[in-house]
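Structural overview
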Amino acid sequence: MSKDKFTILESTCVPLPLENVDTDQIIPARFLSATSREGFGDNLFRDWRYDHNGNPNRDFNLNNPRYTGKVLVAGKNFGSGSSREHAVWAIYDYGFRAVVSSFFADIFRNNCLNNGLLPIVVPDKFLKDLLSLIERKPGTEVRIDLENQLFTILPTARSVSFDINSYKKECLMKGLDDIDYLLSLRNEIVSFEALKK
Amino acid sequence: MEPKTLFDKIWDSHVVRSIEYGPDVLFIDQHYIHEVTSPQAFNGLKERGIQVFRPERTLATADHNIPTINQHLPISDELSRKQVEKLAENCRTHGIELFGLNHPKNGIVHVIGPELGYTRPGMTIVCGDSHTSTHGAFGAIAFGIGTSEVEMVLATQCILQPKPKKMRIKVNGTLQKGVTAKDVIMYIISQLSTGGATGYFVEYSGTAITSMSMEARMTVCNMSIEMGARGGLIAPDEVTYRYLKALPEIAETFDWAPLILNWRELNSDPGAVFDRELEFNADHIKPMITFGTNPGMGIAIDDAIPTLDDIDGERSTSFMKSLDYMGFVPGMKLLGHPVGYVFLGSCTNGRIQDLRAFAQLVRGRKKAPGVTALIVPGSKLVEQQAIKEGLVEILEKAGFELRQPGCSSCLAMNEDKIPAGQYAVSTSNRNFEGRQGPGARTLLASPLTAAAAAVTGVITDPRELID
């Protein structure tokens, strides 16, 4: 089944300058009882975004009106812990289309790629500079060019290239789905099973 | 022939096809599913109008979102009830075996898979749960996946997966009195940090590992993900074969001799190359406890929390945020700190050996006043065994009661929540903010350390309470 295509994204950013943000913070377990993929964005970062009375925490960057955009920029080792794909659904449902960090947890990164959310790994120093630039100038726009694997901070024209395997890149650019691909291999899988026995 | 690692041997024999500059198409021998991460995958199959490809390679249980008392009553939370019902409906539709709530084989997915003999050496195993690494204890490649990947496996019995790098961690030496498998893995994670093994699949070896029981090996492999590893595995040996042959569920199912002959090939060849190798000495490992909000923030129980001088500048914000959440300060000692809750259970430490260790320490003692203890067996079989061995009687005499099986307070999806601000010594695997309930403060530790806290009401070195 086709998904949204990702080619070029220009957007402002929301900074989250914390390390080791785990998927329990992204979407706490008590919101995992739903049986559909929709609506998780309301509870994205729930316990950081709202106090225990349900009022928005002013200190949290998602509640800061100066920070908007489709790109989340987060500290090192983002998405560790639980394999819950709900974390990616929540980030996507909230409106983000890319997450930038210097390091992602493996399962989270796979989950991103399977849902059209682009995880971009940039060097530590670049990330640090980007976070402080966004904090100084909240309207800073960035440009993500998936085809050329280039992340650019537009006002300064500072660029960095990022890695993505070419299969996943093609899937994202064309909005293709892994399952369609695997289903096309069913005969090959049946032969493999026979051989294995 | 070029020497191969154990991991390569299993992985390579399951590759259906390799995509150039892309992931491998990996065949999956055993797929475990549960109520929380599967419904959206089944919805996907429905939208495509397809059935589960190999239902006989799929096993389902309800564990994450179920109560651990009064399991015979309908689940009171409506969303949770519907989710558990949805699993049953999906299993019926697709002909998948379900050990659901109240089934005599029900339990935590990573406890029942091994104890019922579904997990065996040389297999590839996945589940929509990061602690799937547990099954690596049998010499299997087992790792956690997301729901899109659950759908892939349901649809084709295959998954698209880039091959990870390989790391070997050797632990030689002898564990000291009061030091358990939980302390070993918590020590390793404290050395590597919470992301230190990301991108790697870990093979554990060395005398301290090979002298462990299967239950202890599962505890070690279980927490591989807590240092970021895709999974962890241990080469099968006599301990593994003995364990499997003794399982009543499969004892008569297999012709063991030829199977074991094949399994003897499942080890890393001399000279096999790992991307990274580490070695630790078990003699130096003490009972461990965490002080922060990720499993890498662990110390020996008699040590002090690091000071800011020990933390490099860029990490100090996250470090202080973590300590603020826990109500601790840099440099403080944890011994003697009051504890209101104790949790024994989870896929890390909810097996019979863990209940035995806890019971051994509390035997002849009394639960400290003011401590609330949640003692949760990992499965119905563990529960039955604990009754049979008289562990429940020991626990009850000491003022504890056994709940019914489930994931319970490990992730607190059900009512088993630790109240905000309270400290809990927990045998589970994650001390993230709010993991055991909003505002809850988790201190990860072994079953012995949990028992020591339960009878004293404060953080206590278990070595002081055992002979």
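Since we're looking at a predicted model, the values are computed, not measured.

Comments concerning the overall build of chain A
Within chain A one finds 8 helices and 7 strands. Over its C-alpha trace chain A gives a radius of gyration of 18 Å, about what one expects of a compact globule, namely 16 Å for 197 residues. Each principal axis of the C-alpha distribution contributes one length, and for chain A these read about 60 × 45 × 25 Å. Going through the 197 residues of chain A one by one, you find that 56% of them count as buried. Excluding contacts between residues fewer than 6 apart, the proportion of contacts in chain A whose partners are at least 24 apart in sequence is 65%. A total accessible area of about 8400 Å² is found for chain A, and carbon and sulfur atoms account for 48% of it. Averaging the locations of the 25 positively and 26 negatively charged side chains of chain A gives two centres separated by 2 Å.

Concerning the pairing of strand β3 (residues 30–34) of chain B
Residue and element names in this part refer to chain B. Burial of β3 is extensive: 5 of the 5 residues sit out of reach of the surface. Here β3 shows no split at all, with Q30, Y32 and H34 on one side and H31 and I33 on the other all buried. In this sheet, strand β4 (residues 58–61) lies alongside β3 in parallel orientation, the contact comprising 4 bridges. In the sheet register, H31 faces β4, and the bridge partner there is T58. Handedness of the crossover joining β3 and β4 through helix α2 (residues 39–48) is recorded here as right-handed.

Focus on the environment of N222 of chain B
All names here are of chain B. Here N222 is to be found in helix α8 (residues 214–222). By relative accessible area, N222 is classed as buried at 0%. For the pair N222 and S133, spaced 89 residues apart in sequence, the C-alpha separation works out to 5.2 Å. When sequence neighbours within four positions are dropped, the list of residues in contact with N222 reads H131, S133, T134, C347, T348 and N429. In this structure the side chain of N222 is engaged in a polar contact, spanning 3.3 Å, whose partner is the backbone oxygen of C347.

Concerning the domain arrangement of chain B
Residues and elements named next belong to chain B. Per the domain assignment, the segments making up chain B are domain 1 (6–278) and domain 2 (288–464). Computed from C-alpha coordinates alone, the two centres of domain 1 and domain 2 are separated by 24 Å. Buried surface at the junction of domain 1 and domain 2, both sides included, amounts to about 3600 Å², of which 58% is carbon and sulfur. Taken as a group, T68, I108 and M186 account for 18% of the area that domain 1 buries against domain 2, more than any other trio of residues on that side. Between domain 1 and domain 2 we count 24 residue pairs in polar contact (both at pLDDT 80 or more) in total. The greatest single-element share of the side of domain 1 that touches domain 2, amounting to 6 residues, is contributed by helix α6 (residues 181–192). Here the side of domain 1 that touches domain 2 is built from residues that sort into 16 nonpolar, 23 polar and 7 charged.

A short note on the sheet that holds strand β18 (residues 441–444) of chain B
Residues and elements named next belong to chain B. One open sheet accounts for 4 strands, arranged β16-β15-β17-β18; its pairing is parallel. Here the strands that pair on one side only, and so sit at the sheet edges, are β16 (372–375) and β18. Averaged over neighbouring strand pairs, the angle between their axes works out to 20° when direction is ignored. Alignment of strand β15 (residues 341–344) against β16, held across 4 bridges, turns out to be parallel. Looking at the pairing, V342 lines up with A373 of β16. Sitting on the sheet, helix α11 (residues 316–326) touches β17 (423–426) and β18, and the angle it makes with β18 is about 105°.

Details of the interface of chain A and chain B
Quoted interface sizes are often the accessible area lost when the parts come together. Between chain A and chain B, the contact holds 54 residues from the first and 68 residues from the second. Both sides of the chain A and chain B interface together cover about 5100 Å² of buried area, and 57% of this is carbon and sulfur. Area buried by chain A at its contact with chain B is led by T35, I179 and F192 of chain A, which between them contribute 11% of it. Between the two partners, chain A and chain B, sit 7 salt bridges. The partner of E188 of chain A in a salt bridge is R17 of chain B, with the nearest N and O atoms 2.8 Å apart. Where chain A packs against chain B, one counts 27 residue pairs in polar contact (both at pLDDT 80 or more). Going through the elements one at a time, α1 (23–26), α2 (46–49), α3 (86–94), α4 (106–113), α6 (166–174), α7 (178–183) and α8 (186–196) of chain A are the ones with two or more residues in the side of chain A that touches chain B. No other element matches the 7 residues that α8 of chain A contributes to the side of chain A that touches chain B. Here the side of chain A that touches chain B is composed, by residue class, of 21 nonpolar, 16 polar and 17 charged.

Points about the sheet that holds strand β5 (residues 97–99) of chain B
Residues and elements named next belong to chain B. Read from one edge to the other, the open sheet built from 5 strands follows the order β5-β4-β3-β6-β7, with strand pairing classed as parallel. Each edge of the sheet is formed by a strand with only one pairing partner; in this case those strands are β5 and β7 (141–144). Adjacent strand axes in the sheet meet at a mean angle of 20°, parallel and antiparallel pairs treated alike. Judged from the 3 bridges that link them, β4 and β5 form a sheet pairing that is parallel. What sits directly across from A60, in β5, is L98. Of the strands in this sheet, β3, β4 and β6 (124–127) touch helix α5 (residues 147–156), which is tilted by about 130° from β3.

A word on the side chain of D145 of chain A
Residue and element names in this part refer to chain A. Here D145 lies in strand β5 (residues 141–145). Despite its burial, D145 pairs with no opposite charge, the nearest such side chain being R143 at 4.4 Å. Reaching out from D145, the side chain makes a polar contact with the backbone nitrogen of E147 at a distance of 3.2 Å. With near-sequence residues (within four places) excluded, D145 lies in contact with T7, I8, L150 and F162.

With respect to a negative patch on the surface
Together, E38, D42 and D93 of chain A together with E47 of chain B line one region of the surface with negative charge. Note on placement: E38 of chain A falls in the loop between α1 and α2. Classification of E38 of chain A as exposed rests on a relative accessible area of 59%.

Re α8 of chain B
Note: α-helices contain 3.6 residues per turn, so residues at a spacing of three or four share the same orientation. A large share of α8 of chain B lies buried, amounting to 9 of its 9 residues. Inspection of α8 of chain B places M214, E215, A216, R217, M218, T219, V220, C221 and N222 of chain B among the buried residues, and these make up the whole buried set.

Notes on the pattern of salt bridges
Under the definition given, this model contains 40 salt bridges over all chains. The salt bridge partner of K82 of chain B is E78 of chain B, with a shortest N-O separation of 2.9 Å. Of this pair, K82 of chain B and E78 of chain B both sit in helix α3 (residues 78–94), 4 residues apart, which is roughly one turn of that helix. The class of E78 of chain B is partly exposed, set by a relative accessible area of 46%. Salt bridges here are not isolated pairs; linked through shared partners, they connect R37, E85, D177 and D180 of chain A together with R48 and E151 of chain B.

Analysis parameters
- Residues numbered from 1 in each chain as written.
- Chains lettered and ligands numbered in written order.
- Predicted model: local features only at pLDDT ≥ 70, side-chain atom pairs only at ≥ 80, totals over all residues.
- Heavy atoms only, no water.
- Helix = DSSP H or I, 4+ residues; strand = E, 2+ residues; numbered from the N terminus.
- Rg over C-alpha atoms; globule rule 2.2 N^0.38 Å.
- Buried < 20%, exposed > 50% of the residue type's maximum accessible area, 1.4 Å probe, protein only.
- Contact = heavy atoms within 4.5 Å.
- Areas by Shrake-Rupley, 256 points an atom, 1.4 Å probe, with all protein chains shown as cover.
- Lys, Arg positive; Asp, Glu negative; His and termini not counted.
- Charge placed at Lys NZ, Arg CZ, Asp CG, Glu CD.
- Pairing = 2+ DSSP bridges.
- Right-handed = clockwise from strand over helix to strand, strands pointing away.
- Polar contact = N/O pair within 3.5 Å; in protein donor to acceptor, adjacent residues only side chain to side chain.
- Domains from an automatic or database assignment.
- Buried area = accessible area lost by both parts, 1.4 Å probe.
- Nonpolar A, V, L, I, M, F, W, Y, C, P; charged D, E, K, R; others polar.
- Axes fitted to C-alpha atoms, helices over the stretch in contact; angles between N-to-C directions.
- Salt bridge = Lys/Arg side-chain N within 4 Å of Asp/Glu carboxyl O.
- Patch = residues over 30% accessible without salt bridge, like charges linked within 9 Å, V, L, I, M, F, W, Y side chains within 5 Å.

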